[in-house]
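Listed below, chain by chain, are the residues.
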Number of protein chains: 8
Amino acid sequence: MKTLLLAVKDGSLPVEQAVEQISRLPYENLGFARLDHHRRLRQGFPEVIYCEGKTVEQVVTIFARLADHNPNVLATRATDEMARSVRDKVPDAEFEAGARAIYLWRDREIRGRGPIVVVSAGTADMSVAREAVITARVTGNEVDEILDVGVAGIHRLMDVLPRLSRAKVVIVVAGMEGALASVVGGLIAAPVIAVPTSVGYGVSVGGLSALLSMLTSCVAGILVVNIDNGFGAGFAASLINRP
Amino acid sequence: MKTLLLAVKDGSLPVEQAVEQISRLPYENLGFARLDHHRRLRQGFPEVIYCEGKTVEQVVTIFARLADHNPNVLATRATDEMARSVRDKVPDAEFEAGARAIYLWRDREIRGRGPIVVVSAGTADMSVAREAVITARVTGNEVDEILDVGVAGIHRLMDVLPRLSRAKVVIVVAGMEGALASVVGGLIAAPVIAVPTSVGYGVSVGGLSALLSMLTSCVAGILVVNIDNGFGAGFAASLINRP
Amino acid sequence: MKTLLLAVKDGSLPVEQAVEQISRLPYENLGFARLDHHRRLRQGFPEVIYCEGKTVEQVVTIFARLADHNPNVLATRATDEMARSVRDKVPDAEFEAGARAIYLWRDREIRGRGPIVVVSAGTADMSVAREAVITARVTGNEVDEILDVGVAGIHRLMDVLPRLSRAKVVIVVAGMEGALASVVGGLIAAPVIAVPTSVGYGVSVGGLSALLSMLTSCVAGILVVNIDNGFGAGFAASLINRP
Amino acid sequence: MKTLLLAVKDGSLPVEQAVEQISRLPYENLGFARLDHHRRLRQGFPEVIYCEGKTVEQVVTIFARLADHNPNVLATRATDEMARSVRDKVPDAEFEAGARAIYLWRDREIRGRGPIVVVSAGTADMSVAREAVITARVTGNEVDEILDVGVAGIHRLMDVLPRLSRAKVVIVVAGMEGALASVVGGLIAAPVIAVPTSVGYGVSVGGLSALLSMLTSCVAGILVVNIDNGFGAGFAASLINRP
Amino acid sequence: MKTLLLAVKDGSLPVEQAVEQISRLPYENLGFARLDHHRRLRQGFPEVIYCEGKTVEQVVTIFARLADHNPNVLATRATDEMARSVRDKVPDAEFEAGARAIYLWRDREIRGRGPIVVVSAGTADMSVAREAVITARVTGNEVDEILDVGVAGIHRLMDVLPRLSRAKVVIVVAGMEGALASVVGGLIAAPVIAVPTSVGYGVSVGGLSALLSMLTSCVAGILVVNIDNGFGAGFAASLINRP
Amino acid sequence: MKTLLLAVKDGSLPVEQAVEQISRLPYENLGFARLDHHRRLRQGFPEVIYCEGKTVEQVVTIFARLADHNPNVLATRATDEMARSVRDKVPDAEFEAGARAIYLWRDREIRGRGPIVVVSAGTADMSVAREAVITARVTGNEVDEILDVGVAGIHRLMDVLPRLSRAKVVIVVAGMEGALASVVGGLIAAPVIAVPTSVGYGVSVGGLSALLSMLTSCVAGILVVNIDNGFGAGFAASLINRP
Amino acid sequence: MKTLLLAVKDGSLPVEQAVEQISRLPYENLGFARLDHHRRLRQGFPEVIYCEGKTVEQVVTIFARLADHNPNVLATRATDEMARSVRDKVPDAEFEAGARAIYLWRDREIRGRGPIVVVSAGTADMSVAREAVITARVTGNEVDEILDVGVAGIHRLMDVLPRLSRAKVVIVVAGMEGALASVVGGLIAAPVIAVPTSVGYGVSVGGLSALLSMLTSCVAGILVVNIDNGFGAGFAASLINRP
Amino acid sequence: MKTLLLAVKDGSLPVEQAVEQISRLPYENLGFARLDHHRRLRQGFPEVIYCEGKTVEQVVTIFARLADHNPNVLATRATDEMARSVRDKVPDAEFEAGARAIYLWRDREIRGRGPIVVVSAGTADMSVAREAVITARVTGNEVDEILDVGVAGIHRLMDVLPRLSRAKVVIVVAGMEGALASVVGGLIAAPVIAVPTSVGYGVSVGGLSALLSMLTSCVAGILVVNIDNGFGAGFAASLINRP
């Protein structure tokens, strides 16, 4: 802003234009959406496309536009059809159906301070875990993933303790009663991001029991994101992991 | 009622007929529904048809009957099939599939005191926003609509501030955490009608988080309608906007 | 903002000072609170003090500071002790214990387009109704209040219909099943603001049943505020009633 | 039981047989279900078949077995396929698809003390209202049904007041905010059974708002059944209507 | 209404007065409350005073006013202080502290068709049961009450079966899981009104588990009122029991 | 029952008396309560007194009456005042204020198949754990209790593993996220009864998060009782532990 | 563990290998899942496969691997396709579609102390009851199942009382209001495991009313599992039934 | 562990002692609590005392014991009485009544990578914010706190943007609709920890609306802790801020 005001002062920028630039510059209006190109400067990664509720055409347009300006792009909760259409236009985009993620990963430099470890409690939590893994990777982090280490057999967890201990951040993905977050949190010194999943039946349908369990953990320092929000966990882990 | 009683007094209306007229006059019994033709006198717009739970035949019959007596007619939550059948019978009726609205808009006179501005937070909220826009238009208002101005990039909102400031009423349509209502409400002097949408996942499924957020806004004067009730917001805005 | 930028351009305002003024001007930092003196310009009424969670000293300080700059001031959810202390410092402040409101009402000019009618369903809803009445009055409106017109005896409502019909806005305050909002809304053409109250027992404890009932009213155009939020209803009614 | 014990005393019934008869007599074990033939003696109507969760074969078997012993039989929540199969076996059984009810109505004698009136608020509540109507009829009552008298146009209700006043019991079927129950209850002296329906969207999805509204009615004497339970309302009305 | 219109026709009643009488007659405005004297004609019993949220003075004024016009009067949810003050003014009023009911019971004629039986599940449900008993008695019914017959020892219930079988209506008062309503309902032919109570702890706090249990009873014909609403149950039972 | 019928047959018991005895025998009617003396025969322990909602006098009367017929008696959720009054009448009764339990423990014979282990997660869960311990003891079991072994430091749990492994039943008492139940359940072969407690704040207020967590445990065989129901857990453990 | 340490001490096991064995031995890593072969030693039965959220291939691989090491294997919530594929690979595996269970039952020795009785309230609860029956059988128990004994006709329950009395554990499966658990629990001395089912509509949708009802039963010693969790009930019953 | 096993191998540690040490070493059993002295090694800070549900004596004993072994100690949710008693024993302990925190802060070295900024939305959120501030300080961080920057006057937030931009982590403390977390999150690149508070009334009572709003924020990377959990936020921020 100061730069802008200086340009006003020395007369190189007329006042009317300054007012306009202040509000107009940082995004592009596509009609149905306003692209926030400024985001990458502000948060280190361009706007991420949340595909639910968008048409295939809208996803393709936004993805292509972002791909023009950024090396890495991410779209979450995408359908197979969206993926096909995006890849017709942006051939180096990749798609992982289980994670429902379309991503462009041209810049593979590691920028994080250390590894992010993603642990999941059961096979059924895998798609959410994979969304977290992909997000953490395309935002410039080394990721180590560990599957199926539920608390029903706690020795399975002990085996992977050394890998957990190396982490700068740990993401725990668990449905049902979500106890894994507390157990992992009690064993390590890194911050833990807990992702409740909607896996389960009866009173765990929708992920409420895991969510409440994680929010009320008796272990200090557990941080929680919305149910099934693997993306949010991966993104926050990436912010934490920056130098 | 006084007119009626005077007619009774001067004998021009027999008592029995008076009793009958008091209860019979204002509506028409179609068998499966009772049409409230009086509504236009009372509220300035005829009864609006809520299509859910009605058969195609019922919708067509009611729409056609209202179209006989009124220049403008509105049916919400309609299916494509209902729209086709209504337009077979009332050819100048229009249909917008995204908004699920069938409407007859013969009288396009603007009666409102000023513009109604409809702001939506994300692409996925668009169908609810469109229902509000159509409702506000067919009830005689100038409408200005602004899409995709979520709080994640607040500068997008600053750009449209002048348009918001012209409004006599602002309708804010937002899902997820619904924070846009608070932010808009804090910036302008017009009354704000907040419409929570069922967009989202996890604890925002169904729109509860947006609803609660809007009801508990720390900004004074936010008014809330039911989740996804674009019609209610548009209709209330129209009532507020009357001279 | 334009004025400011012009001053920068003609050199009468150094850039550093401009940057500072943009962010500093509109409020005053009391240490524990930031007073938004700009609010009156933006919304036509100064910041309203929400007393819950504040100490007596904080309330007194803020009230006195606002009273220095504004003719009318309002504090809601106040205790008797707060009222006494405020009135020691600002002797012309008034207090209504039932409504828990402290208010300064020096400027009594009516600015609204017409009367605001406040209707309440039962004797127990009176304190919330009174908060709405006081708010609407100190913000410059003529207010007509009607008590105890519950739907159990619907003829009581018929009697007051002429007064309801005169309103530019109607505020309906009701607990339990909140049906009064629907019934009133069906009878008149003005916008209706419904205030659910926490009056009741069993499943109506806390006001949830009234809230849901009002949000799902089959009458078009009912607008809802938070449970017991008489202030919000009165404030929004005032915004709606402006010319 | 006394009869049985007397038979034991005079030796005409051996003790072992007495013990057996006490527990065995009143029902028939079909393997997958235990038919309570005693029910008609105890409650005046045979066991009613709740079809959800039963196979077509089970419904047919139970219906046919009950039809052998009783003039009137009722099955609720039936599918079209169940209806066809039942009617293959019991040709005089009738089916109303909208109400999802299969019924045998051989004995049409009226046994109730007066008419049962069934009022519904909207077109969409009709299937639940019809279930109540059919239940009340096959259990021996005169039924008067009144459709689409929502509170949005309260004069529609006034017209039908004379019919409501004739009732020994009134059943009010309403979704959304369910205010109709309170309004009807305030106008008449007969007991009112309120049936919330799952009609609506947003916070009324599933019928919760109507249920809470009816339970918290400020009108004395409103009795409530489960959401969409037209059968329960019709059956209870029939019990109330007995001499 | 017809009488009124006839008086208008024959000129004995001027039109203006007629309009006034139509809306004014049936109630008396006490300022803070509107007394519905018409209620006794319409429902056979005067307006019942719900004391919560009213001041002692308001309760006394309303009680005394009703006592002037009616032989029997009832006030529920009263405090000891309210009772003392009412009895100062209306000496023949009685008070039962456990049931929190003040009542005037001058006319003790039995008008009901048969006995109303009130059954309660535990000692802790007694106050709600007593509210139902008093209500049913002052509205003109013979009442038989049976305490502490929970389902944990079902033989206790068998003992009282003959008394249950005599009832025209049975009121079942139960907290915790509320199973007593189902068990009683399965044994008798009279209509059953179930009153959930807020007795219990954990997930039964507030009475929710009993309420849900009663609404979902597998026994046909169970009718439910709000939690702790002994009055509503007694009043509805009285309406059902009328000839 | 057979004995009774045989007595009827041989004439030693008149029929009328038999009918009476069948329903009268097994309990004693105290007016305000029906004492189920039969319970000890049926379940091996006399009726347990739940004190909430009872007066001091009622508790004393029931306790004394049970103490006349049984060696061991238990009253839960008792106040200090109740305890003093009971001990005035039954001097060998004991009271533990923290557990809110009054108990008579004359017969101390161990009848269980092995030890019952009660584990609690935090200091704050102790009162619920103690209620379970006392219940299990007075019903004839050896009890081993282990305090403060939360999952935040899982090595604390490892230390007590040998004691857990000896158990025939383990009761786990935990508030907050209740993960201890899953962790213990995964380590041992005995059945686990989980008792959620209302310890905590925010979303764990009232014990809901612990309850849901325990119900949705990924460990097979976890059995759950109501929040804070230490008595229920101790009683069920005793039933399980019987030979 | 002691064995292992002794091997370290006498030098037969190098330290590095010991560390590895402690964490590696008890399970096998299949890549997507970690098989806990140790489970059978620890809990007497191998890991049970919860099929929801797993692919057909994953289920087949795990089932086959467990079948290599164990005589009996169980997979719950399986689809028909999973069953076909498992049986292609493990031909002696059985499938019961209604219970959605695939099981291998080679070892049919009875190890339990007595019979486990499974009682269900209605025909619609049968699939959950069957899951409990199969689980209890493959884990080595004699099972007696009793269908359709709802509380609406309580005499049906009396007939089966002798069979209930023989049980070491009783499993009660019931939807709607779940009162059967309380009634059964009040009649017998064995521990009762209550399984709420998601059978029903309105407020019983999803099984919440049955769950709450069972948790708040006034009968001591009722133990509850998650909604529809027949497997958990059967497994816990088996643990309880062990010598 | 390896060290221990090596000692076993070389014979310097007998096997029995090794087994004992593995489980015994890391904590101290105080009878009513097990102190986890190992915690400081594992997580860099000793066990934090959660005072709710503990007696004054228990808090004093634990605090004193921890003060013997650690330079800094923290106790949360403490009462004034606890504070006085702790300070009698540990004179250099400090107490902040508003934050309900007792703390020993001998080691004031800054170990974090940068400042932690704590922002609160309103005066009423201050006690929770202070708990976060104290926690972050005693765990070795520079903290910058900013009070009363609610979204109702968004310019107040703009002023403090430079301070927010300096943060390595930002903690946002807000009640009501919690929109501040989204707005702050959209403006900066550091990870944001959102703390919902129980400030508010109506549907925000208890903090639910703020919690849901924060979990469903449309801004990527918002991390959430339990309602009013200032400690958890401060502790997690400290873990994130470590080098």
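Quick caveat: nothing in here was measured; it's all calculated off a predicted structure.

### Digging into the overall build of chain A
Part 1: Each helix and strand counted, chain A has 11 helices and 11 strands in total.
Part 2: Burial analysis of chain A (243 residues in total) assigns 67% to the buried set.
Part 3: Restricting the contact set of chain A to residue pairs at least 6 apart, pairs at least 24 apart contribute 65%.
Part 4: Carbon and sulfur atoms provide 52% of the accessible area of chain A, an area that totals close to 8,000 Å².

### Quick look at the pairing of strand 9 (residues 169–174) of chain H
Residue and element names in this part refer to chain H.
Part 1: Judged by how many residues are buried, strand 9 sits mostly within the fold: six of six residues are covered.
Part 2: With burial as the criterion, each face of strand 9 is covered, one bearing Val169, Ile171 and Val173 and the other bearing Val170, Val172 and Ala174.
Part 3: Both strand 7 (residues 116–120) and strand 9 contribute to a ladder of five bridges, which runs parallel. Opposite Val117, over in strand 9, you have Val170 as the bridge partner.

### Some points on the relation of the copies chain E and chain G
Part 1: The operation relating chain E to chain G is a screw motion whose rotation component is 180°, with 0.0 Å of axial translation and a residual RMSD of 0.1 Å. Put plainly, the chains are arranged around a two-fold axis. Every residue of chain E has its C-alpha some distance from the rotation axis, and the shortest such distance is that of Ala179 of chain E, at 2.5 Å.
Part 2: Most of the interface of chain E is mirrored in chain G, where 100% of its interface residues again form contacts.

### What about helix 6 (residues 126–138) of chain F?
All names here are of chain F.
Part 1: The end-to-end C-alpha distance of helix 6, which contains 13 residues, comes to 18 Å, matching closely the 18 Å that a straight helix rising 1.5 Å per residue would cover.
Part 2: Of all the 13 residues making up helix 6, 10 are buried; the element is thus mostly covered by neighbouring parts of the structure.
Part 3: Positive backbone phi, approximately 95°, marks Gly140, located one or two places after helix 6.

### Details of the interface of chain A and chain H
Part 1: Contacts between chain A and chain H engage 30 residues on the former and 30 residues on the latter.
Part 2: When the two sides are added together, the surface that chain A and chain H hide from each other amounts to roughly 2,400 Å², 58% of it contributed by carbon and sulfur.
Part 3: For the pair chain A and chain H, the interface holds zero salt bridges.
Part 4: There are five residue pairs in polar contact (both at pLDDT 80 or more) connecting chain A and chain H.
Part 5: Elements with a minimum of two residues in the side of chain A that touches chain H: helix 3 (39–43), helix 9 (179–187), helix 10 (208–215), strand 11 (222–224) and helix 11 (230–241) of chain A.
Part 6: Looking at the side of chain A that touches chain H, the element that brings in the most residues is helix 11 of chain A, giving six residues.
Part 7: Class assignment of the residues belonging to the side of chain A that touches chain H gives a composition of 19 nonpolar, seven polar and four charged.

### Considerations on the domain arrangement of chain A
Residues and elements named next belong to chain A.
Part 1: Along its sequence, chain A is organised into domain 1 (2–105) and domain 2 (116–240).
Part 2: Taken together, the contact pairs 14 residues of domain 1 with 12 residues of domain 2.
Part 3: When domain 1 packs against domain 2, the two sides together hide about 1,100 Å² of surface, and 67% of this comes from carbon and sulfur.
Part 4: At the boundary of domain 1 and domain 2, one finds one salt bridge.
Part 5: For the interface between domain 1 and domain 2, the tally reads four residue pairs in polar contact (both at pLDDT 80 or more).
Part 6: By residue number, the principal contributor to the side of domain 1 that touches domain 2 is strand 6 (residues 101–105), which donates four residues.
Part 7: For the side of domain 1 that touches domain 2, the class distribution of residues is eight nonpolar, four polar and two charged.

### As for the interface of chain E and chain G
Interfaces are frequently sized by the accessible area removed from exposure as the parts join.
Part 1: At the interface, 22 residues of chain E touch 22 residues of chain G.
Part 2: With both sides pooled, the region where chain E packs onto chain G buries about 1,800 Å², and carbon together with sulfur makes up 77% of that total.
Part 3: The three residues of chain E that bury the most area against chain G are Glu177, Leu212 and Thr216 of chain E, which together make up 29% of that side's buried surface.
Part 4: Taken together, the links from chain E to chain G amount to zero salt bridges.
Part 5: Our count for the chain E to chain G interface comes out at eight residue pairs in polar contact (both at pLDDT 80 or more).
Part 6: Listed by contribution, the elements that provide at least two residues to the side of chain E that touches chain G are helix 9 (179–187) and helix 10 (208–215) of chain E.
Part 7: A breakdown of the residues in the side of chain E that touches chain G according to their chemical character gives 14 nonpolar, seven polar and one charged.

### A few points about the relation of the copies chain A and chain H
Part 1: By a simple turn and slide, chain A fits onto chain H: the slide is 0.0 Å along the axis, the RMSD is 0.1 Å, and the turn is 180°.
Part 2: Most of the interface of chain A is mirrored in chain H, where 100% of its interface residues again form contacts.

### Points about the pattern of salt bridges
Between side chains of opposite charge, a pair can form when the charged atoms approach closely.
Part 1: Tallied over the full model, the rule gives 80 salt bridges over all chains.
Part 2: Between Arg100 of chain D and Glu52 of chain D there is a salt bridge, and its shortest N-O distance comes to 3.2 Å. With Arg100 of chain D in the loop between strand 5 (94–96) and strand 6 (101–105) and Glu52 of chain D in the loop between strand 3 (49–50) and helix 4 (56–69), this residue pair connects regions lying 48 residues apart in the sequence.
Part 3: By relative accessible area, which is 27% here, Glu52 of chain D ends up partly exposed.
Part 4: Across the pair Asp92 of chain F and Arg106 of chain F runs a salt bridge whose closest N-O atoms are separated by 3.0 Å. Of this pair, Asp92 of chain F sits in the loop between helix 5 (80–89) and strand 5 (94–96) while Arg106 of chain F sits in the loop between strand 6 (101–105) and strand 7 (116–120), and the two are 14 residues apart along the sequence.
Part 5: Since its relative accessible area comes to 39%, Asp92 of chain F is described here as partly exposed.
Part 6: Overall, Arg106 of chain F belongs to the partly exposed group, its relative accessible area being 42%.
Part 7: Salt bridges sharing partners connect three or more residues here, namely Glu96, Arg130 and Glu145 of chain A.

### Quick notes on helix 4 (residues 56–69) of chain E
Part 1: For helix 4 of chain E, which comprises 14 residues, the first-to-last C-alpha distance of 21 Å matches the rise-based estimate of 20 Å (1.5 Å per residue) to within 8%.
Part 2: Those residues of helix 4 of chain E that fall on the buried side of the exposure criterion are Val56, Gln58, Val59, Val60, Ile62, Phe63, Ala64, Leu66 and Ala67 of chain E.

### Here we look at the environment of Leu161 of chain A
All names here are of chain A.
Part 1: With respect to the element layout, Leu161 can be found in helix 8 (residues 161–165).
Part 2: Judged by relative accessible area, which is 21%, Leu161 ranks as partly exposed.
Part 3: When the C-alpha positions of Leu161 and Ser127 are compared, they lie 23 Å apart, and in sequence the two are 34 residues distant.

### Some thoughts on the sheet that holds strand 6 of chain A
Whether parallel or antiparallel, the strands of a sheet pair through hydrogen bonds between backbone atoms.
Residues and elements named next belong to chain A.
Part 1: Within the open sheet, the four strands sit side by side as 3-4-6-5. Their pairing is mixed. Edge strands, defined here as strands with exactly one partner in the open sheet, are strand 3 (49–50) and strand 5 (94–96).
Part 2: Looking at chain direction, strand 5 and strand 6 are connected through three bridges and run antiparallel. Each residue of the ladder has a partner; that of Glu94, found in strand 6, is Tyr103.
Part 3: Along the sheet face, helix 6 (residues 126–138) touches strand 4 (72–76), strand 5 and strand 6 and points at about 20° away from the line of strand 6.

### Here's the deal with the packing of helix 4 (residues 56–69) of chain B against helix 5 (residues 80–89) of chain B
Residue and element names in this part refer to chain B.
Part 1: Running from amino to carboxyl end, helix 4 crosses helix 5 at an angle of 40°, the nearest separation of the two axes being 9 Å. The orientation of helix 4 with respect to helix 5, classified from their angle, is oblique. Classified by chirality, the crossing of helix 5 by helix 4 is right-handed. Of the residues in helix 5, those touching helix 4 at Val56, Val59, Val60, Phe63 and Ala64 are Glu81, Met82, Ser85, Val86 and Lys89.
Part 2: Of the residues that constitute the contact of helix 4 with helix 5, the class distribution is seven nonpolar, one polar and two charged.

Here is what the cut-offs are and how they apply
- Residues numbered from 1 in each chain as written.
- Chains lettered and ligands numbered in written order.
- Predicted model: local features only at pLDDT ≥ 70, side-chain atom pairs only at ≥ 80, totals over all residues.
- Heavy atoms only, no water.
- Helix = DSSP H or I, 4+ residues; strand = E, 2+ residues; numbered from the N terminus.
- Buried < 20%, exposed > 50% of the residue type's maximum accessible area, 1.4 Å probe, protein only.
- Contact = heavy atoms within 4.5 Å.
- Areas by Shrake-Rupley, 256 points an atom, 1.4 Å probe, with all protein chains shown as cover.
- Pairing = 2+ DSSP bridges.
- Least-squares fit on C-alpha atoms with pLDDT ≥ 70 in both.
- Expected span 1.5 Å × (residues − 1).
- Buried area = accessible area lost by both parts, 1.4 Å probe.
- Salt bridge = Lys/Arg side-chain N within 4 Å of Asp/Glu carboxyl O.
- Polar contact = N/O pair within 3.5 Å; in protein donor to acceptor, adjacent residues only side chain to side chain.
- Nonpolar A, V, L, I, M, F, W, Y, C, P; charged D, E, K, R; others polar.
- Domains from an automatic or database assignment.
- Axes fitted to C-alpha atoms, helices over the stretch in contact; angles between N-to-C directions.
- Parallel < 35°, antiparallel > 145°, perpendicular 65-115°, else oblique.
- Left-handed = near helix turned anticlockwise from the far one by under 90°.

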